[in-house]
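Take a look at the letters that make up each chain.
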Amino acid sequence: MFEKSLTDLIQGLRANKRNEADYIQKSLEEIQSEIQQSDMHCKSTAIDKLSYLHMLGYDTNWANFNAVEVMASSRFGEKRKGYLAAAQSFHQETDVLMLATNLIRKDLASSNAMEVSVALDGLAQVATPELATDLFDDVAAVLGHSRPFIRKKALVCLYRLVLKHPEGLHALAPQLRERLDDPDSSVVSSAVSVICELARTNPRNYLPLAPRLYQLMNSSTNNWMLIKIVKLFASLTPIEPRLAKKLHGPLSQLICSTSAMSLLYECIHTAVVGDIIGVPLPVTDSVGREIDFAELCARKLVLFYESTDHNLRYVGLVTLAQLQARRPELVVNQYETVVKCLDDADLSIRMRALSVISGMATRRTLDRTVKRLMSQLILSNTIRLQPASSLPSIGSVEYSGKYGGEAADSDL
């Protein structure tokens, strides 16, 4: 029987745009016939086409058992198609998942690294509480694999299993500590990423890892891993205040030396929310002068809200507001720059600027601030002020003045 490949199916869909539904119905009938064949190549091709149709929104759950059959193929190309179909269409209530436990265990123990890899990928996507409980130890054993990319995938897979099987966290913690000393930097980076995600729930559990993370922060040149480590310290510092003094030097060095805006932001954010700026130790700026750490952070924040990138301007204003709550005298010096953000086309940036401006008013700037905010109100295209003649008097005070009545109306 002539067998259509996935390429033939896609070309046929493009050629039958006017009667696409009929063409797909006919194709599904052909696939149902192909998937019953004993030839594994024919069966895997049918599963491959079903994976494509699933992406188009068609129900393929009726072929779940056949997908497990293809997962058991001895040929890697066919096995990969089966795992892909499972990752796409299987869910927590898929009844055939119980049949895949021994199959996945066998692939995890395979001497072929590619089979181990595809099993880890598939398990991470389809894991249920039962699968996570049964296969946790098998995945943990893969952490000792000789290939770094397998160890990386095993770490990520264990993270997904822990979400389904929280009791496994106690067994995972020592493994994570060991992987922080892995000879391959990419595996270390994966371990840091997993720890960072797990610490969102309870950072106190990972406080014992602080010494090793501190060493990595001082020795690593991987910006993405440094970002994760710095974010992790942001959640650990409130729990262990003594970390603030320890992190003061490394963070100030990173802030002065890095050219990566993402890393710079995380360093400043951690210094502010972790109250590291409160450590009474000076830092040396780029020109060799000793200044307060909080002042250094305030200066570097200017790079964000003066940027043309809206995302950088937004996060810069968010962090400036956090700095304002701790050191308001430093934020007052940024008055002119923040006022310019009130003219930004992005509403979210204007709102953030307003929240900062409201806390910057002093006796010296109060009059100018009120006038600037009134001007912003009048020029807003979201409201329309009524003329003074239509507004009621409140006691002896009437709606009038420079920004009221006809003057305001003419400015609209």
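About the cut-offs
- Residues numbered from 1 in each chain as written.
- Predicted model: local features only at pLDDT ≥ 70, side-chain atom pairs only at ≥ 80, totals over all residues.
- Heavy atoms only, no water.
- Helix = DSSP H or I, 4+ residues; strand = E, 2+ residues; numbered from the N terminus.
- Rg over C-alpha atoms; globule rule 2.2 N^0.38 Å.
- Buried < 20%, exposed > 50% of the residue type's maximum accessible area, 1.4 Å probe, protein only.
- Contact = heavy atoms within 4.5 Å.
- Areas by Shrake-Rupley, 256 points an atom, 1.4 Å probe, with all protein chains shown as cover.
- Lys, Arg positive; Asp, Glu negative; His and termini not counted.
- Charge placed at Lys NZ, Arg CZ, Asp CG, Glu CD.
- Axes fitted to C-alpha atoms, helices over the stretch in contact; angles between N-to-C directions.
- Parallel < 35°, antiparallel > 145°, perpendicular 65-115°, else oblique.
- Left-handed = near helix turned anticlockwise from the far one by under 90°.
- pLDDT = per-residue confidence, 0-100.
- Salt bridge = Lys/Arg side-chain N within 4 Å of Asp/Glu carboxyl O.
- Disulfide = S-S within 2.5 Å.

### What about the overall build of the protein chain?
Consideration 1: Counting its regular elements, the protein chain contains 22 helices and two strands.
Consideration 2: Taken against the 2.2 N^0.38 rule, which gives 22 Å for 412 residues, the C-alpha radius of gyration of the protein chain at 30 Å runs more than 25% over that of a compact globule.
Consideration 3: For the protein chain, the spread of C-alpha atoms along the principal axes amounts to about 90 × 60 × 40 Å.
Consideration 4: Split into buried and exposed, the 412 residues of the protein chain put 46% on the buried side.
Consideration 5: A separation threshold of at least 6 residues defines the contact pool for the protein chain, and within that pool the share at least 24 residues apart is 63%.
Consideration 6: Of the roughly 21500 Å² that the protein chain leaves accessible, carbon and sulfur atoms contribute 52%.
Consideration 7: Taken together, the 45 basic and 46 acidic charged side chains of the protein chain have centroids lying 6 Å from each other.

### Here's the deal with the environment of Pro238
Consideration 1: As for its position among the elements, Pro238 is in the loop between helix H13 (223–236) and helix H14 (243–257).
Consideration 2: The exposed category is assigned to Pro238, whose relative accessible area is 54%.
Consideration 3: Separated by 35 residues in the primary sequence, Pro238 and Pro203 place their C-alpha atoms 10.0 Å from one another.

### Some words on the packing of helix H15 (residues 261–273) against helix H17 (residues 310–326)
Consideration 1: Interhelical geometry of H15 versus H17 gives an angle of 20° and a closest axis separation of 10 Å. On the basis of their axis angle, the class for H15 and H17 is roughly parallel. In the crossing of H15 with H17, the sense of the turn from one axis to the other is left-handed. Where H15 abuts H17, its residues Met261, Tyr265, Ile268, His269, Val272 and Val273 lie against Leu312, Val315, Thr319, Gln322, Leu323 and Arg326.

### Section: the confidence of the model for the protein chain
Consideration 1: Chain-level statistics for the protein chain give a pLDDT mean of 87 and a share of 91% at 70 or above.
Consideration 2: pLDDT under 50 marks residues 390–412. Its contacts with residues more than four places away, or in other chains, come to 24 contacts.

### Quick notes on the environment of Ala234
Consideration 1: Within the secondary structure, Ala234 sits in helix H13.
Consideration 2: Every residue in contact with Ala234, bar those within four places of it in the chain, is listed here: Thr270 and Val273.

### Quick word on the pattern of salt bridges
Consideration 1: Summed over the entire model, instances satisfying the criterion amount to 21 salt bridges.
Consideration 2: Ionic pairing is found between Arg200 and Glu197, a salt bridge with its closest N-O pair at 3.7 Å.
Consideration 3: The partly exposed category is assigned to Glu197, whose relative accessible area is 25%.
Consideration 4: Measuring nitrogen to oxygen at the nearest pair gives 3.3 Å for the salt bridge that ties Lys371 to Asp367. One end of the pair is Lys371 and the other is Asp367, both in helix H21 (residues 366–379) and four residues apart, which spans about a single turn.
Consideration 5: Lys371 sits in the partly exposed class, given a relative accessible area of 39%.

### A closer look at the state of the cysteines
Consideration 1: This model, assessed by the stated rule, comprises zero disulfides.
Consideration 2: Unpaired in this structure, Cys157 has its nearest cysteine sulfur neighbour in Cys196, at a distance of 20 Å.

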